[in-house]
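Chain residues, written in single-letter form:
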Amino acid sequence: MYIIVRLTAQLSAFLYMSMWRIFCFLMVVADAASARTTATTRDIVVKSPDGRLRWAFHLTDSCPSYSVSFNGETIVDWSALRLAFRDGGEFGRGLVVRGASFRKGEDDYTLVVGKTSSVHDEYNEAEIPMEERGGARRGVELMVRVFNDGVGFRYVFLKGGTLTDKTLTDKTLTDKTSTDQTSADQKEFLLTDEHTDFRLAGDPFVTASYLPGYTTSHEGRYTRLPVSGIRSDTLMDMPVFVEFPHKIYMVITEAELVDYAGMYLTRHNGVLTSMLSPLPGQGVVKVKGVFPHKTPWRVLLIGDRPGVLIESNIITSLNEPCAIKDLSWLRPGKTDFHWWNGDVVPDTTFQPGINFETNQYYIDFCARNKLDYHSVIGYGGIAWYRNDGISYMPGPHSDVTEPLPGLDMQQICDYAKSKGVGIRVWVHWKVLYPELDKAFTQFEKWGISGMMVDFMDRDDQEMVNIQTEILQKAAQHHLHIQFHGAYKPTGLARTWPNEFTREGTLNYECDKWGNPITPDDDINIPFTRLLAGATDYHLGGFRAVTPSHYEAHFVHPLVLGTRCHMLAMYVVLESALGMICDYPAAYEGQDGFEFLRDVPTTWDQTKVPLAVPRAYVSIARRKRDDWYVGMINNKDARTVSLPMDFLPVGHYEAVIYRDADDASENPNHLVREVRAVEPSSTVEVKLAPGGGMAMKIKKL
């Protein structure tokens, strides 16, 4: 009798626990979960609103872990989540989950710069507070958001380190943007490592840029390898593109990098795991701050076609709303950049150099062709401001508020304004940052619109905070920013839309010195670096040659790929500041230049009709009622059928720029044709080796 009673009790307990887990699961995924609910459990599941994407959490005594599946197929197997602090050691063992909560989220917002002007995103969210059962009883909350096209998760280090001290609000975290704001009641922390694992299921192919170290301009080529073929403990820059069998694609990157160290990946013991950029001067501490503190979002973009990843808005959706109240002064557009062409000026009576006449020549070119900005850089390797360093590198007495003798910045700004052209300047960050307030005050007084800030070459927490401060203070003085020698974007342009674009990629500047960018290099960018956001690429070279005719020219540089390939890159890439880098005589009167004059730099909608990794990609972008399409090809000639079903119902006229029949031998040759199209149309596109196609579509 005792045995029967005991078995009955055990069965009841088993049924109770099973029902309890089912109840917790239903609370997470139910569509009616608009009100916050809570649960205490070691196993949690969150699904996307459409149910295709599943994120699962499991807690053992050794560490918490997560897994991800898509359409019923596991793509990230159980992967550990651990944090290492200098005081108290690793956070991960002996944890308990207390009061996990779930909700259904919805986000509607507008973007000033980017791939779309209006975003609507839906997601299911879980907040999972974890606390140590013994010792210091430190507490960390894991926040998870599951969208239809990806997952974002982050850690929140709670105030005082324990859940009982939790006074966490969005405003608390948003307001804390500097590690210098320690108050008496705040506890400091030093993070030595973040071990976020990505145990990819099977042996998928990974396309990544490998870097020699953390001090880098983030300019590298991409290599495609199976996970098993990646050399252990080498740094992979993000984004990283993953191709699973059965047409499942994923990208690993991060969003909202604020007051934290930039993240890389490395293969360790067969698993991809995170590595953080250490603070300068040492290699142990990666992040220092005070509680509460949040990490960036660790992002997995996921889809059954590559175009889903390009169309996704998750990166900006995981950032804070716009922090600039008055946006009327922001003017995205196109700019010249004469450094790339070698400071070419015509053979005229004026002396070329750092003077008014040289800048006037380019300002007049911009005015004639409705280009928004002229960039004041310098001339012949010398910066426009007082600098006692070597070439563009700063010296101890450099000053960006003092133009070189013979250069009147006020005269240049006034003349440009009379022509309807804005002025922007190039600056080295080491000269700018020590005198940020002084410099921005003077720039605003002159009438400068913005600047390229160059040679940053780091993404440790200190540099991340420097860039955030530059954006904040630039906004106060109505200045836009273009970061060069900088890490990837992380969606911060939603919060600070005066960030127009970033470099952080190998690009056409390399064509000047014998390391030319090939069409095969270009094809990798939409599936890697572009997925992080705006991509500055030094576009606009109008002297295309075949590979056998390429030579390194610092002045009048040559480019690979056809003229139509170059035109298409202005649509394929996303950048609120399109650069027209060649010199005026290289453009005016040339086939295709009218497309560069017309093409916008910000968009209302983005669609990807076709995308085949390593082969070709076509991207369609809408500005008001007009559509622009760019298609680029790798080194292999092909004919592609482009469906026009991205167009709304109606009748349209398409102006098409395509490779001429002899473009494989004469890559600057193109054909311009006009034809009627509608959503049911298909356009046959014949692409030369390294070729392309650009299209402007107007509704009739």
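Residues numbered from 1 in each chain as written. Predicted model: local features only at pLDDT ≥ 70, side-chain atom pairs only at ≥ 80, totals over all residues. Heavy atoms only, no water.

For the rest of this paragraph, the subject is the overall build of the chain. A count of helical and extended segments in the chain gives 14 helices and 42 strands. Whereas a compact globule of 700 residues would reach a radius of gyration of roughly 27 Å, the chain reaches 27 Å, a difference of no more than 12%. Along the first, second and third principal axes, the C-alpha set of the chain runs to 110 × 60 × 45 Å. Relative to its 700 residues, the chain shows a buried fraction of 61%. Within the chain, contacts between residues separated by at least 24 positions form 71% of all contacts whose residues are at least 6 apart in sequence. As displayed, the chain offers around 26600 Å² of accessible surface, 52% of which is attributable to carbon and sulfur atoms. Taken as two groups, the 72 positive and 88 negative side-chain charges of the chain have centres that lie 5 Å from each other. (Helix = DSSP H or I, 4+ residues; strand = E, 2+ residues; numbered from the N terminus. Rg over C-alpha atoms; globule rule 2.2 N^0.38 Å. Buried < 20%, exposed > 50% of the residue type's maximum accessible area, 1.4 Å probe, protein only. Contact = heavy atoms within 4.5 Å. Areas by Shrake-Rupley, 256 points an atom, 1.4 Å probe, with all protein chains shown as cover. Lys, Arg positive; Asp, Glu negative; His and termini not counted. Charge placed at Lys NZ, Arg CZ, Asp CG, Glu CD.)

This part covers the packing of helix α6 (residues 356-368) against helix α7 (residues 409-418). It is the contact of α6 with α7, at a shortest axis distance of 10 Å, that shows an interaxial angle of 20°. As far as their axial angle goes, α7 and α6 are roughly parallel. Remark: the crossing between α6 and α7 carries right-handed chirality. Between α6, through F356, N359, Q360, I363 and D364, and α7, the contact on the second element is made entirely by Q411, I412, Y415 and A416. Taken together, the residues of the contact of α6 with α7 break down into five nonpolar, three polar and one charged. (Axes fitted to C-alpha atoms, helices over the stretch in contact; angles between N-to-C directions. Parallel < 35°, antiparallel > 145°, perpendicular 65-115°, else oblique. Left-handed = near helix turned anticlockwise from the far one by under 90°. Nonpolar A, V, L, I, M, F, W, Y, C, P; charged D, E, K, R; others polar.)

Let us look at the pairing of strand β5 (residues 73-85). Judged from the five bridges that link them, strand β4 (residues 64-70) and β5 form a sheet pairing that is antiparallel. Residue pairing for β5: S65 is matched across the bridge by A80. In this antiparallel pair of consecutive strands, β4 and β5, the connection spans two residues, and N71 shows a positive phi of 55°. Examined bridge by bridge, β5 and strand β6 (residues 89-91) share three bridges and lie antiparallel to one another. Each bridged residue has a counterpart across the sheet, and for A84 the counterpart in β6 is E90. (Pairing = 2+ DSSP bridges.)

Right, let's talk about the pattern of salt bridges for a bit. In total, this model carries 38 salt bridges according to the counting rule given. Two residues, K488 and E254, come together in a salt bridge whose shortest N-O distance is 2.9 Å. A residue pair is termed long-range when its members are at least 10 positions apart, and K488 in the loop between β30 (480-483) and β31 (499-502) and E254 in strand β16 (residues 248-255) qualify at 234 residues. Neither K488 nor E254 differs from the other in exposure class; each is buried. Linking E588 and R368 is a salt bridge whose minimum nitrogen-to-oxygen distance equals 2.9 Å. (Salt bridge = Lys/Arg side-chain N within 4 Å of Asp/Glu carboxyl O.)

This brings us to the side chain of T295. Looking at the secondary structure, you find T295 in the loop between β20 (293-294) and β21 (297-303). Residue T295 is classed as buried on the basis of its relative accessible area of 1%. If near-sequence neighbours (up to four positions away) are discounted, T295 is found in contact with R154, Y155, F157 and Y260.

Once that is clear, we can look at a nonpolar patch on the surface. Taken together, the side chains of W513, F554 and V555 define a hydrophobic patch exposed on the protein surface, amounting to about 290 Å² of accessible area. Within the secondary structure layout, F554 lies in the loop between β32 (544-545) and β33 (559-560). (Patch = residues over 30% accessible without salt bridge, like charges linked within 9 Å, V, L, I, M, F, W, Y side chains within 5 Å.)

Given a rise of 1.5 Å per residue, 13 residues ought to cover 18 Å, and the 18 Å separating the end C-alpha atoms of α6 matches this to within 8%. F356, T358, N359, Y361, Y362, I363, F365 and C366 are the residues of α6 that are buried. Where α6 begins, the side chain of N355 points an oxygen toward the backbone nitrogen of E357, at a separation of 3.4 Å. Positive backbone phi, approximately 55°, marks K370, located one or two places after α6. (Expected span 1.5 Å × (residues − 1). Polar contact = N/O pair within 3.5 Å; in protein donor to acceptor, adjacent residues only side chain to side chain.)

This part covers the state of the cysteines. Taken as a whole, this structure holds zero disulfides when the rule is applied. This cysteine, C366, is not joined by any disulfide, and C581 carries the nearest cysteine sulfur, 11 Å off. C581 gets classed as buried once you look at its relative accessible area, which sits at 0%. (Disulfide = S-S within 2.5 Å.)

Time to look at the packing of helix α9 (residues 436-446) against helix α10 (residues 461-476). α10 packs onto α9 with a crossing angle of 35° between their chain directions and a minimal axis gap of 10 Å. Helix-helix and strand crossings are classified by hand; for α9 and α10 the assignment is right-handed. Every residue of α10 that contacts α9 at L436, D437, F440 and E444 is listed here: E469, I470, K473, A474 and Q476. Here the contact of α9 with α10 is built from residues that sort into four nonpolar, one polar and four charged.

To continue, consider the sheet that holds strand β42 (residues 692-699). Ordered by their spatial adjacency, six strands build an open sheet running β35-β36-β37-β42-β39-β40, and the pairing between neighbours is antiparallel. Both outer strands of the open sheet, β35 (605-612) and β40 (670-677), are each paired with one neighbouring strand and no more. When the angles between neighbouring strand axes are averaged without regard to direction, this sheet yields 15°. Direction of pairing for β35 relative to strand β36 (residues 616-623): antiparallel, over a ladder of six bridges. Across the sheet, V612 pairs through a bridge with Y616, a residue of β36. Sheet contacts for helix α12 (residues 563-572): β36, β37 (626-633), β39 (652-659), β40 and β42; angle to β37, the most-contacted strand, approximately 125°.

Taken over all residues, the pLDDT of the chain has a mean of 92, while the share at 70 or more is 90%. Averaged over each element, pLDDT in the chain is lowest for helix α2 (residues 170-175) (40) and highest for β21 (99). Here residues 1-37 scores under 50 on pLDDT; set against residues more than four positions off or in separate chains, the count is 29 contacts. For the stretch residues 164-185, pLDDT sits under 50, and the model shows 38 contacts to residues farther than four places along the chain or on other chains. (pLDDT = per-residue confidence, 0-100.)

Attention now goes to the packing of aromatic side chains. Considering all chains together, one arrives at 33 aromatic pairs under this definition. Each ring, one from W384 and one from W446, has its centre 6.3 Å from the other, and the planes form 70°; the classification is edge-to-face. With W384 in the loop between β25 (382-383) and β26 (385-386) and W446 in helix α9, this pair connects stretches of sequence that are 62 residues apart. When sorted by exposure, W384 lands in the same class as W446, which is buried. With a centroid separation of 6.4 Å and an interplanar angle of 85°, the aromatic rings of W426 and F455 are classed as edge-to-face. Pair noted here: W426 is in strand β28 (residues 422-428) and F455 is in the loop between β29 (450-454) and α10, with a separation of 29 residues, a long-range link. With relative accessibility at 4%, the residue W426 sits in the buried group. The cationic tip of R331 hangs over the ring face of Y373; the distance from NZ or CZ to the ring centre is 5.1 Å. Lying across the ring of Y109, R494 places its NZ or CZ 3.6 Å from the centre. (Phe/Tyr/Trp six-rings, centres within 6.5 Å; stacked < 30°, edge-to-face > 60°. Lys NZ or Arg CZ within 6 Å of the ring centre and 35° of its normal.)

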